[in-house]
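Examination of the molecular architecture
The residues making up each chain are set out below.
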Amino acid sequence: MKVAKFGGSSLASSEALKKVKEIVEADTERRVIVVSAPGKRFSDDNKVTDLLYICHAHIKYKVKYDDIWNDIASRYIEMDRECGLSGSIEKELEKVRESFSKKTSVDEIVSRGEYLNAKIIAEYLGFDFVDSAEWLHFNADGTVDFDSTYESLRELYTVHKKMVIPGFYGSLPDGRIHTFTRGGSDITGSIAAAALGASMYENWTDVNGILMADPKIVDNPRPIKRVTFAELRDLSYMGAEVLHPEAVFPVREAGIPLYIKNTGDMNSEGTLIQESFPDETFDANSKFITGITGKKHYSIITVTKNRITEDLSFHRRILEIIEGYSLLVEHTFQSADCIAFMISSEQLSGCLYNLVSDIQKKCGADNVDVTEGVSLVALVGRKMAAPSGVSGRILSALGSHRINVRTIEYGSDEINIIIGVADEHFKEAIRVLYDSFAEE
Ligand code: ASP
């Protein structure tokens, strides 16, 4: 069986729901359907979840929220009517509204977006509705209790062979509703797939898969056809937004492939994510980049002190000072008499002078130098590990476009290379590398 999760934009209108039904019915293995709350129908529309957050703020401060509620309710009623359903959603809406009081938690209120949507979609597909409060168990600290969650869903699946489950929330040990962070229905889908040992976790969204580069930088970037979980982690860490980052873990651990597909274009290839692709072959001249991403505005703090490498505690002392300012070191570089740290300029903005003077005083540095305006460009590709000469080709492509490489770091697993360039070269570097090396 397959678990199919549909995102908010795939569930925003009756038109969208018709496509979802077509997709579900096209493959009888799609038996567990996880849904988000209705998303945006057009660019300046509101997501139901956002409206529910606003409802909560109104309820908390005892401000009338009839208009917002009517906005929310009319979206469900319209979908119900246009899909030719029974109208029972109106009673559900009433019950939900009546349950809201000053004491209702924000998690409970915002979770109703998914709850109501799952009710409608279950009826529309002729599947059973299974409330996630019944099976997705959180520990008191907000982490998922995987053992009891997996066991509960497995039991429910013996009774409900075709089910629709709301994403985003579950219940705490005392029964209260708890939600994941935003976009968390992706995690619910992954947990459901892992619990049930699905053959595939499909994540249906509004794009033709994960793009190889940011379309705001590269014109019409191609979608990635295949990516490993490790590559995806690197791409997400460096800024690519696709899936909730936590959604990877349950399916990865259970060895279940994840497929990102487009609800609006169900036959497009999409992106397949697996632990590895053993059938692949590499040749030294082929293109090798799976995806390319990056982040702007970093600073390099270079600390100079004679014979730094002979001082065993120097790294620790500097890192302790940096940690004291709650700064995250993204990269470090070292030579005979200097160590350099790359840190986001935004994080540094409130504390740069204090940090520099602390390093000077407490570590007896000869000099502390700060270079701002550095961008990191991350090239991710499992094929980089195989042929030799990859880094040479990358540096020469950048050099021939007169892009100066400030720093370079080759990940020890050889699937990523992170290059530091001046902020003003950021976009050009991405375009040059995409045009030269992105897989076709
Ligand atoms: N509806 C929630 C949100 O907008 C959760 C989700 O869609 O995954 O963040």
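Located above this text is the structure these notes cover.
So, a few notes on the structure that sits alongside this text. (Residues numbered from 1 in each chain as written. Predicted model: local features only at pLDDT ≥ 70, side-chain atom pairs only at ≥ 80, totals over all residues. Heavy atoms only, no water.)

**Some thoughts on the side chain of Thr49**
We count it as follows: In this description a helix means any DSSP run of H or I spanning at least four residues, a strand means any run of E spanning at least two, and both kinds are numbered starting from the N terminus. Note on contacts: a residue pair is in contact if any heavy atoms of the two residues lie within 4.5 Å.
Note that Thr49 resides in helix H2 (residues 48-60). Thr49 has contacts with Ala37, Val110, Glu114, Phe168 and Arg182, leaving out every residue within four places of it along the chain.

**Describing the pairing of strand S16 (residues 416-422)**
The following threshold applies: Exposed residues in this analysis have more than 50% of their type's maximum accessible area, buried residues have under 20%, and partly exposed residues fall in between, with area computed by a 1.4 Å probe over protein chains only. Following DSSP output, two strands are said to pair if at least two bridges run between them.
Burial within S16 is extensive, with six of its seven residues counted as buried. Sheet analysis places strand S14 (residues 367-380) next to S16, joined by seven bridges and oriented antiparallel. Across the sheet, the residue bridging to Val380 is Asn416, located in S16. Sheet topology places strand S15 (residues 407-410) next to S16; four bridges connect them, and they run antiparallel. The partner of Ile408 across the bridge, within S16, is Ile419. Connecting the antiparallel pair S15 and S16 is a turn made up of five residues, with Glu414 showing a positive phi of about 60°.

**Comments concerning the pattern of salt bridges**
Let me state the cut-off plainly: Definition used for salt bridges: Asp or Glu carboxyl oxygen within 4 Å of a side-chain nitrogen of Lys or Arg.
In the structure shown here, the tally under the stated rule is 22 salt bridges. Lys2 is paired through a salt bridge with Asp27; the nearest N and O atoms lie 2.6 Å apart. Of this pair, Lys2 sits in strand S1 (residues 2-6) while Asp27 sits in the loop between helix H1 (14-25) and strand S2 (30-35), and the two are 25 residues apart along the sequence. One salt bridge connects Arg252 with Glu275, and the closest N-O pair in it is separated by 2.9 Å. You can see Arg252 sitting in helix H9 (residues 248-254) and its partner Glu275 sitting in the loop between strand S10 (271-274) and strand S11 (291-304), a full 23 residues away along the chain. According to the relative accessible area criterion, Glu275 is partly exposed, its value standing at 45%. What you see here is one network of salt bridges that share partners, running through Arg226, Glu231, Asp279, Glu280 and Arg382.

**As for the sheet that holds S16**
Note: strands within a sheet are paired through backbone hydrogen bonds, in either parallel or antiparallel orientation. What counts, and what does not: Here, axes are lines fitted to C-alpha atoms. For helices the fit covers the stretch in contact, and angles between N-to-C directions go from 0 to 180 degrees.
Ordered in space as S12-S13-S11-S14-S16-S15, the six strands form an open sheet in which the pairing is antiparallel. This sheet does not close on itself; its edge strands, each paired only once, are strand S12 (329-335) and S15. The average angle at which neighbouring strand axes cross in this sheet is 25°, direction not considered. Bridge count between S11 and strand S13 (residues 338-344): seven bridges; the pairing is antiparallel. The residue of S13 that forms the bridge with Thr302 is Ala340.

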